[in-house]
Protein chains: 4
Amino acid sequence: MNTITQEHIQVGEIANGLPLTIPVYRLQGNGSGPKVYIQANMHGAEVQGNAVIYQLLEQLKTQTLASDITLVPYANPIGCNQKSGEFTLGRFDPITGTNWNRMYHDHSKLIESFVHEHIDAPEDEIKSKFRALLVDQTQAFLDQPAYRVNTGKRIAVTLQRLAHEADIVLDLHTGPISAKHLYCPEYAKASASYFDIEHVLLIPNEFDGAMDEATFCPWWQLSEAYKAQGRNIPVWVEAFTVELGSQEKIDLTEAKLDAESILSYLNHKQAFIGAEFEPKPITRYACMLDDYLAFYAPMGGMVEYNAVLGSHIKAGDTIAKILRMEQYLSEKPLHEITLDTDAITILHFASASVNQGTELYKFFTNYFEL
Amino acid sequence: MNTITQEHIQVGEIANGLPLTIPVYRLQGNGSGPKVYIQANMHGAEVQGNAVIYQLLEQLKTQTLASDITLVPYANPIGCNQKSGEFTLGRFDPITGTNWNRMYHDHSKLIESFVHEHIDAPEDEIKSKFRALLVDQTQAFLDQPAYRVNTGKRIAVTLQRLAHEADIVLDLHTGPISAKHLYCPEYAKASASYFDIEHVLLIPNEFDGAMDEATFCPWWQLSEAYKAQGRNIPVWVEAFTVELGSQEKIDLTEAKLDAESILSYLNHKQAFIGAEFEPKPITRYACMLDDYLAFYAPMGGMVEYNAVLGSHIKAGDTIAKILRMEQYLSEKPLHEITLDTDAITILHFASASVNQGTELYKFFTNYFEL
Amino acid sequence: MNTITQEHIQVGEIANGLPLTIPVYRLQGNGSGPKVYIQANMHGAEVQGNAVIYQLLEQLKTQTLASDITLVPYANPIGCNQKSGEFTLGRFDPITGTNWNRMYHDHSKLIESFVHEHIDAPEDEIKSKFRALLVDQTQAFLDQPAYRVNTGKRIAVTLQRLAHEADIVLDLHTGPISAKHLYCPEYAKASASYFDIEHVLLIPNEFDGAMDEATFCPWWQLSEAYKAQGRNIPVWVEAFTVELGSQEKIDLTEAKLDAESILSYLNHKQAFIGAEFEPKPITRYACMLDDYLAFYAPMGGMVEYNAVLGSHIKAGDTIAKILRMEQYLSEKPLHEITLDTDAITILHFASASVNQGTELYKFFTNYFEL
Amino acid sequence: MNTITQEHIQVGEIANGLPLTIPVYRLQGNGSGPKVYIQANMHGAEVQGNAVIYQLLEQLKTQTLASDITLVPYANPIGCNQKSGEFTLGRFDPITGTNWNRMYHDHSKLIESFVHEHIDAPEDEIKSKFRALLVDQTQAFLDQPAYRVNTGKRIAVTLQRLAHEADIVLDLHTGPISAKHLYCPEYAKASASYFDIEHVLLIPNEFDGAMDEATFCPWWQLSEAYKAQGRNIPVWVEAFTVELGSQEKIDLTEAKLDAESILSYLNHKQAFIGAEFEPKPITRYACMLDDYLAFYAPMGGMVEYNAVLGSHIKAGDTIAKILRMEQYLSEKPLHEITLDTDAITILHFASASVNQGTELYKFFTNYFEL
């Protein structure tokens, strides 16, 4: 039985002075495996990752560990407690509207001078010094005078500081109503086959503020910068956003499957000794981020969603019917909405009621087998 | 093919001066049947009633009508457009918190003097004069100086004014995540068997502000008041709140079934000539309102809902598991919640995340076959 | 220097398991004065009461106390942290819409049997036994199985349980944009002159769920019930809602004045020994609750508020101009709104943007000098 | 008396099918002056601009106009009607959190090829062809299949399409609680002296999604691109964000002054013939955008704001006191917050209740006389 330690880290204070804390669980390996960091619930309504961390802990406590593993449920103590009606309004800071998962720290500016200073250093030194640099920079950000750090950045960068210690970072999210899918950096495509996830989104090396990007982009950029100088080094860190399904839902059985999917990937990465976690023999489909189609409601109305999540639809298929009761006599009350391209249905909006221009669906287009 | 007419009634104005309007559809019968009023979507997220009105209109246009029928979708133009994240925050006025379905007008004070003045009048005269009184009173309420009428009451009483013209009033709602059920006044219990709804809640003669109460209570109270004077008159009006299932969802196929259920009831009430709508042969269970158990979350946490909607559970059955990841080491992270009585599961909360004291479930207890 | 003790009472838990706690401060007197309970910030945006409690503590620590005094800032740990944009959305439970100050426990049902059982008891016994009954009943409410107590009631009744120990209860609130005013039970009218508050609202003996009513109604009802039996006993408890001005604002200087106003009242009630707090020589105006006029926006639009808070206006005075820019050509863009009666302006809405029917103002009408 | 025409443009539809429309007012000049576009209320709570447009129209109808002038109040029909409690939650799309004033269209990609194709064209042709290009591009954006355009972009780009027709663009905003200030592109610094606004923020040529940037950046970039080719052309378009003061407030008297300030600038730009609008002789202070300091709350708590809006404060001055009542005994309940640099106070947060990291103030630092 492995020892699990628990720590509560403080990431803020609210108006009545109560501290905002996040529980951090840690298991220690023999040091031979890659360090692993897994967090869940940065978006308030996306709670299933907490159940996955529960199931991971249940499994991990009896494994022989090569890796140090850090697990952080309840990553956002504001977001997961922000109610508006029955709904958990936890996607963005309710004061500013800023997406909680777009506030991580960008390290792009560090690359050039680092490469310049370590152009001939041995790989081990590059890796350890660059990691130390990332850790130091995020720590320095947090050590600024308190008046320079806003609420969301303090939460995000505190977590990022922890994540930079790791070689593997998994950020557990969900869609609104969604099929499982994986955000995977293009260079790590091979790893996607070890998750039991049918839909893989291949993302480029562009920092847009999310946790996965915050932790893999610096290493990818580093590798690219060395390549520009004529030297090849690996990208030492992999980071993924794992989209577990739908928000506002805890399903412990499904969480066990999701935990096994993650364990399969970690096993492939040699996080364990003698473990038998293997990926399931499923067909995986991939799509480039540029081909990930957001389909906005072409009119306001009330929507019946007809495209089944995960289904492969053909151009011309009906994906939704939009009811417009006030047109019952004058025009037509029921509008069939079709898609003009072949696609895989990944997610749809959580409510039947939409404005013109509300994001109705997201689809994989130009998808291919991985 | 029957003629359907459409009217837009104005029930308010918003800050940029745009009018709030509601579409009203009307079909005319031969005058021999009871007048019918059906509305939907007073609570913003409860949209399925609009689809039911769509399916009703599709059927009604080809029936031979004995009854005049008025149908009002989109009853609350503020509520159905009030978004907060993806969710439609339409259960209460976002400014005041007042439930939109608790703002109808109470006529209790009218009964005593009316009975006194018409103690020996013939039934026809009682019925027509009392109806005229209800219509006049609601109209008078709306005709007050505008500064005396708040936003929600203007919407509610405008609709109530229309509903008082009818002998049968159906207010189409949904629960959060819910099995179908029917709010039925105790005196109209016999009518409940004509709807295809398995769960019937029998409600007493107490005005709590809802549309069904606003329209049946005066007539029930009238009947009671005559009885107290030694004269028996019928309760001439029936009103029901029809709970169609879950919120935030349009399902046109299910809506067709719900429309048929309503048509079966209306057929029993002789709204049609030569129609063949019949109730389905299902077992119906009833529960007194006092036995309708609200089960609040005994702790804060993240909930897996284990009681299947509509299922008959036994005392001691697990109805939920509450995950408390911050207790993973110190206490126990997974709490099994049981119910201490036999019950039918009617609805549960829409989100996995709950505070201590959030309404987790509602159950029929002490239920019986109807 | 008096000893001040502090306790944190838990009133709930949120979704990530964090406890909701409220700080309770206590000072002990020599036992000769009435027991005092003061709370603040039950409505989240109404924060000035916390500053008043701060200033009270600063004064109280050097007074010679006859009374035991309990002070509770931050009474609602959910409400005061519920943000929606910049605004603190703390007037009602964001899940249900229920006003946090309408969830206290009603004891009306206890009166009849208590009077019956203690009809001839000495006053001291009546007082102590009835107090014990109120305390026991609220404690019993809280001791129910957790699944029977909703979020707001647990907070409210926990506080009410504390308040029932006291002879004097002050619940510190604010209006939206507001002049100072005092909710005072009719029987305690004489006490209103000891507060430095110009506007006094006299409220009847009807329980509507608020803290002041929850604590004075039982004692008033008790006195009335004895009177109906031919025996006169005093109303032993006084409770007031003190409306300190506008929400969303901390003003420490004003808070000192408000603290002195409260100390003047408490001094009159002999809470202190040798203190010199005296009411200010101001004219006080009173108004019956039935004459407290809510003036709703007669149209949607954007409002310039012209009635100065606390001002005495004449029938026909312009109280607001409502801008309707979309009518600039077609009708008239600027509507002057007048009041048709003399009145004192007590409060107005916090935003310029209103729907038709939004509560624009509240006025004292038929007011009189106290 | 000039003719004013009115048009309603549709920018969307909501869930119950009601159209979202914006009123557009137009006056025609003799064609000799620059074309002017003025809009207000893109952020829902920032309503004072509507009153300024009202006062502008009152003045403009009697002026001799050289310029065509387009005025658009109520620019955002979703934002200005989105209530959450009393507050107008109109800064961001309530579904997505996206700031309504960050969704305008970026034209940066057009510059290079345009300059290449028109490197030797006469200035008149460059100006008219580039304007036509901007108009065409925004129109093309709107003409896409409806499913490609989200709610906020449809509103923003429809307005931008109108604004591109003009040589002068004014976007009327307010801060939360704020002194008047002006966002001015660096190249147009000289124009800032014609507004009666003491505080001027000089912004660089970087597109961040706002209306002012969307309309001046292309022209500035064009001028820069020609300069890089060795040719000097003017920047033909000026655009400003005018921050009128505090949100949630209509003040018609102040609006008249703000209208005069704008008329003074327009007069300087020769929009009128024979008009006498002149700027007031006030000292104007400027600050580079990089020196515009956001000061975040260093702790959670309840804030008394001590820095007067518009005041020049010295390093070490107290700008706020933060009350932490739960620390009354254990630590210190009142924390004095100071600023470590000289500054002008421009705006502060709208609520006393803040989380650690909430934006408390914005200050001009390193400011200078304009």
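The text that follows walks through the structure, step by step, so that each part is easy to find. (Residues numbered from 1 in each chain as written. Chains lettered and ligands numbered in written order. Predicted model: local features only at pLDDT ≥ 70, side-chain atom pairs only at ≥ 80, totals over all residues. Heavy atoms only, no water.)

What follows concerns the sheet that holds strand S9 (residues 181-185) of chain B. Residues and elements named next belong to chain B. Here we have ten strands laid out as an open sheet, ordered S1-S2-S4-S3-S7-S11-S9-S10-S12-S21, and mixed in their pairing. Two strands in the sheet have a free side with no partner beyond their single neighbour: strand S1 (4-13) and strand S21 (368-369). Sheet topology places strand S12 (residues 285-288) next to S21; two bridges connect them, and they run antiparallel. By the bridge assignment, Ala 286 is partnered in S21 with Phe 368. Relative to strand S7 (residues 168-175), helix H6 (residues 252-268) is tilted by about 155 degrees, and along the sheet it contacts strand S3 (36-40), S7 and strand S11 (238-246). (Pairing = 2+ DSSP bridges. Helix = DSSP H or I, 4+ residues; strand = E, 2+ residues; numbered from the N terminus. Contact = heavy atoms within 4.5 Å. Axes fitted to C-alpha atoms, helices over the stretch in contact; angles between N-to-C directions.)

In this section: unusual backbone geometry. Although it is not a glycine, Tyr 74 of chain C adopts a positive phi angle of roughly 50 degrees. Locating Tyr 74 of chain C in the fold gives a position in the loop between strand S4 (69-72) and strand S5 (83-84). Classification of Tyr 74 of chain C by relative accessible area gives buried; the value is 1%. The backbone phi angle of Asn 41 of chain D is positive, close to 75 degrees, even though this residue is not glycine. Along the chain, Asn 41 of chain D turns up in the loop between strand S3 (36-40) and helix H1 (48-60). (Buried < 20%, exposed > 50% of the residue type's maximum accessible area, 1.4 Å probe, protein only.)

Moving on: the sheet that holds S3 of chain D. All names here are of chain D. On the basis of which strands lie adjacent, the open sheet formed by ten strands has the order S1-S2-S4-S3-S7-S11-S9-S10-S12-S21 and mixed pairing. Either end of the sheet is taken by a strand with one partner, and the two such strands are strand S1 (4-13) and strand S21 (368-369). Where strand S9 (residues 181-185) lies against strand S11 (residues 238-246), three bridges are found, and the strand directions are antiparallel. When the sheet's bridge partners are listed, His 181 is paired in S11 with Glu 243. Those strands touched by helix H5 (residues 211-228) are S3, strand S7 (168-175), S9, strand S10 (199-203) and S11, and its axis lies near 155 degrees from that of S11. Together, S3, S7 and S11 form the strand contacts of helix H6 (residues 252-268), whose direction differs from that of S7 by roughly 155 degrees.

Our focus in this paragraph is helix H4 (residues 151-163) of chain C. All names here are of chain C. The end-to-end C-alpha distance of H4 is 19 Å, a good match for the 18 Å that 13 residues give at a rise of 1.5 Å each. For H4, a buried count of twelve out of 13 residues is recorded, marking the element as mostly surrounded by other parts of the structure. Buried residues of H4: Thr 151, Gly 152, Arg 154, Ile 155, Ala 156, Val 157, Thr 158, Leu 159, Gln 160, Arg 161, Leu 162 and Ala 163, and no others. Put simply, Asn 150 is the residue that caps the front of H4, since its side-chain oxygen is 3.3 Å from the backbone nitrogen of Gly 152. (Expected span 1.5 Å × (residues − 1). Polar contact = N/O pair within 3.5 Å; in protein donor to acceptor, adjacent residues only side chain to side chain.)

When the parts of a complex come together, some accessible area is lost, and that lost area is often taken as the interface size. With 17 residues of chain C at the contact, the number on the chain A side is 17 residues. A buried area of about 1,400 Å², summed over both sides, lies between chain C and chain A, and 53% of it is on carbon and sulfur atoms. When residues of chain C are sorted by the area they lose upon contact with chain A, Asn 16, Asn 81 and Ile 95 of chain C head the list and together hold 35% of the total. Across the contact surface, chain C and chain A share zero salt bridges. At the junction of chain C and chain A, the tally comes to eight residue pairs in polar contact (both at pLDDT 80 or more). (Buried area = accessible area lost by both parts, 1.4 Å probe. Salt bridge = Lys/Arg side-chain N within 4 Å of Asp/Glu carboxyl O.)

All we've got here are geometric facts, nothing functional implied.
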